[in-house]
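Here is how the chains run, residue by residue.
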Amino acid sequence: MSTQPPPKPVESAQLLVDLVNNHLDPGYAAAAERRGPDAAPRWYDRPAVIVGCLLSGFILVVAYIHTHRGAPEATRVHDSLVTRVRAAQQAGDELANRVADLERQLSAALPKSGPLAKNLDLARLQAGLVAVSGPGMSVTLDEPPQPTASPTPGRGGTTGIGATNILTDRDVRSVVNELWRDGAEAISVNDIRLTPTSAIRFAGEAVLVDFQPITPPYEIRALGNPDVLSTNFAQSAVASRYQTLKGAENIGFSFTDEQQLTLPASASVKVRYAKVAHK
Amino acid sequence: MIVAGIALLVGIALGLVLRPTVPGWLEPYLPIAVVAALDAVFGGLRAWLDGIFDAKVFVVSFVSNVTVAALIVFLGDKLGVGSQLSTAVVVVLGIRIFGNAAAIRRHVFRA
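To start, this report covers the structure provided alongside it. The structure presented is a predicted model; accordingly, all values stated were derived computationally and were not measured.

## Details of the overall build of chain B
Thought 1: Looking only at helices and strands, chain B has 4 helices and 0 strands in total.
Thought 2: Along chain B, from the amino end to the carboxyl end, the secondary structure elements read α-α-α-α.
Thought 3: For chain B, the proportion of its 111 residues judged to be buried stands at 35%.
Thought 4: For chain B, contacts bridging at least 24 residues in sequence account for 68% of all contacts bridging at least 6.

## Some thoughts on the sheet that holds strand β4 (residues 200–203) of chain A
Residue and element names in this part refer to chain A.
Thought 1: Within the open sheet, the 3 strands sit side by side as β4-β5-β6. Their pairing is antiparallel. The sheet terminates laterally at β4 and β6 (212–214), the two strands that pair on one side only. The mean inter-strand angle of the sheet, taken between neighbouring strand axes irrespective of direction, is 40°.
Thought 2: As paired elements, strand β5 (residues 206–209) and β6 share 3 bridges and run antiparallel to each other. Paired with L208 across the bridge in β6 is P213.
Thought 3: Helix-sheet contacts for helix α6 (residues 169–181) involve β4 and β5, and the interaxial angle to β4 is about 175°.

## With respect to the nonpolar core
Thought 1: Formed by 37 residues in total, the largest nonpolar core has its most connected members in I59 of chain A together with I32, A33, A36, A37, F58 and F62 of chain B.
Thought 2: Those elements that place two or more of their residues in this core are α2 (26–35) and α3 (45–109) of chain A together with α1 (2–18), α2 (30–50), α3 (55–79) and α4 (82–109) of chain B.
Thought 3: A total of 11 residues in this core trace back to one element, the largest contributor, which is α2 of chain B.
Thought 4: For F58 of chain B, the residues in contact, after removing those within four places along its chain, are A48, V49 and G52 of chain A together with A40, G44 and F53 of chain B.
Thought 5: Formed by 31 residues, the second largest nonpolar core is a distinct cluster that contains A186, A222, F253 and F255 of chain A.

## Things to note about the interface of chain A and chain B
Thought 1: Facing 31 residues of chain A, the contacting portion of chain B comprises 39 residues.
Thought 2: For the side of chain A that touches chain B, the secondary structure elements donating two or more residues are α1 (8–21), α2 and α3 of chain A.
Thought 3: For the side of chain A that touches chain B, the element with the most residues is α3 of chain A, which contributes 20 residues.
Thought 4: For the side of chain A that touches chain B, the class distribution of residues is 22 nonpolar, 6 polar and 3 charged.

## Notes on α4 of chain B
Since the α-helix turns once every 3.6 residues, residues separated by three or four places project in the same direction.
Residues and elements named next belong to chain B.
Thought 1: For α4, spanning 28 residues, the distance from its first C-alpha to its last is 40 Å, which sits close to the expected 40 Å at 1.5 Å a residue.
Thought 2: Each element contacted by the buried residues of α4 is listed here: α2 and α3.
Thought 3: Two residues or fewer past α4, R110 is found with a positive phi of approximately 55°.

## Brief notes about the environment of F58 of chain B
Thought 1: Position of F58 of chain B relative to the elements: it lies in helix α3.
Thought 2: Overall, the presence of 29 C-beta atoms within 10 Å leaves F58 of chain B in the buried class.

## What to know about the packing of α2 of chain B against α3 of chain B
All names here are of chain B.
Thought 1: Direction vectors running N to C along α2 and α3 enclose 155°, while the axes themselves pass 9 Å from each other. Looking at the two axes, α2 sits roughly antiparallel to α3. For the element pair α2 and α3, the recorded crossing hand is right-handed. Every residue of α3 that contacts α2 at I32, A33, A36, A37, D39, A40, G43 and G44 is listed here: F58, S61, F62, N65, V66, A69, A70 and V73.
Thought 2: Residues belonging to the contact of α2 with α3 are distributed by class as follows: 11 nonpolar, 4 polar and 1 charged.

## Things to note about the packing of α2 of chain B against α4 of chain B
Residues and elements named next belong to chain B.
Thought 1: Where α2 meets α4, the axes come as close as 9 Å, and the angle between the chain directions of the two elements is 25°. As the angle between them shows, α2 and α4 are arranged roughly parallel. Read as a crossing pair, α2 and α4 show a hand that is left-handed. Judged by residue contacts, P31, I32, V35, A36, L38, D39, F42, G43, L45, R46 and L49 of α2 engage S86, V89, V90, L93, G94, R96, I97, N100, A101, A103, I104 and H107 from α4.
Thought 2: Broken down by class, the residue content of the contact of α2 with α4 amounts to 15 nonpolar, 5 polar and 3 charged.

Thresholds, definitions, all that
- Residues numbered from 1 in each chain as written.
- Chains lettered and ligands numbered in written order.
- Predicted model: local features only at pLDDT ≥ 70, side-chain atom pairs only at ≥ 80, totals over all residues.
- Helix = DSSP H or I, 4+ residues; strand = E, 2+ residues; numbered from the N terminus.
- Buried ≥ 20, exposed ≤ 12 C-beta atoms within 10 Å, placed from the backbone.
- Contact = placed C-beta atoms within 7 Å.
- Pairing = 2+ DSSP bridges.
- Axes fitted to C-alpha atoms, helices over the stretch in contact; angles between N-to-C directions.
- Core = buried A, V, L, I, M, F, W, Y, C linked by C-beta atoms within 7 Å.
- Nonpolar A, V, L, I, M, F, W, Y, C, P; charged D, E, K, R; others polar.
- Expected span 1.5 Å × (residues − 1).
- Parallel < 35°, antiparallel > 145°, perpendicular 65-115°, else oblique.
- Left-handed = near helix turned anticlockwise from the far one by under 90°.

Below is the structure:
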């Protein structure tokens, strides 16, 4: 019946053609045609142009300001976090200084001689409450120079913690335990003195010693008879494990005898529940 | 023409001085308004170069473009396709801006 081709596809295609080819609002051409070539200017011509341009400039600037106001916001949050961390660190340092100060006052007030003073000194030394010095050895554990976490094939974000950080709290703990076993009398990890209540743990990728985060290289220093300590340590399974890791994964591992080491005091022993049992 | 340029600069200065905060509900429409404003400016400039500029068409097309674009995005937001429609508006107006800029270039440089 009808030989006419359906006009629809052409029309919808025309829309796209118009979109790409006719950029100017058809209203301009229509208005120009309606008004003729030499139309008299109307009273609202100039104000309309002014209002339109004013609005355009205003919108552009508002958008610009709005976009760039967000960036300083993020910086501000970051800065405030940094400031807070710094302040907390400073507060921690001040408290540590205060503890040292009070310790000095305390030791000045305590009896200087006699069996009581001797007992007290020994107890405080064993509890890690005073700084100690003497011969010993130090063990250093370090991450490989370049992290071995090369971009692994596969989905992003699947690289495990173990792939980026080889050394964890477990390694520090095993060295510390080995040193205790080898006859160490006092141990510090990255200048944090270990006490009878110290814990070496992890949070995310950070190693925590008594809840203070430490970063590699991990330097574990132990006081004791240097010969006995280093001989026992060198023969231990722990040392041979890290020697193997040093060859296989390129971690840093070394230990040396020290003739003179000074370990800082710890302020973290808080005995709240245990009491002396009277015989 | 000079008046239009001055008005544009005054609008920019006004925005810099007032530094208005954009309320949250208006935020999604800001990119749309920007693209519509650019489209109006480039369209007006091209029409002026073509010799068929009309102030009424300029203002009405500007206002109606912003309004219709915002309405489309608003409707899309309510129906869950807001970001897609927003992209569509930006693409359509962007093509127009680009085409008008090319026409202006041909007028100015004869190339």
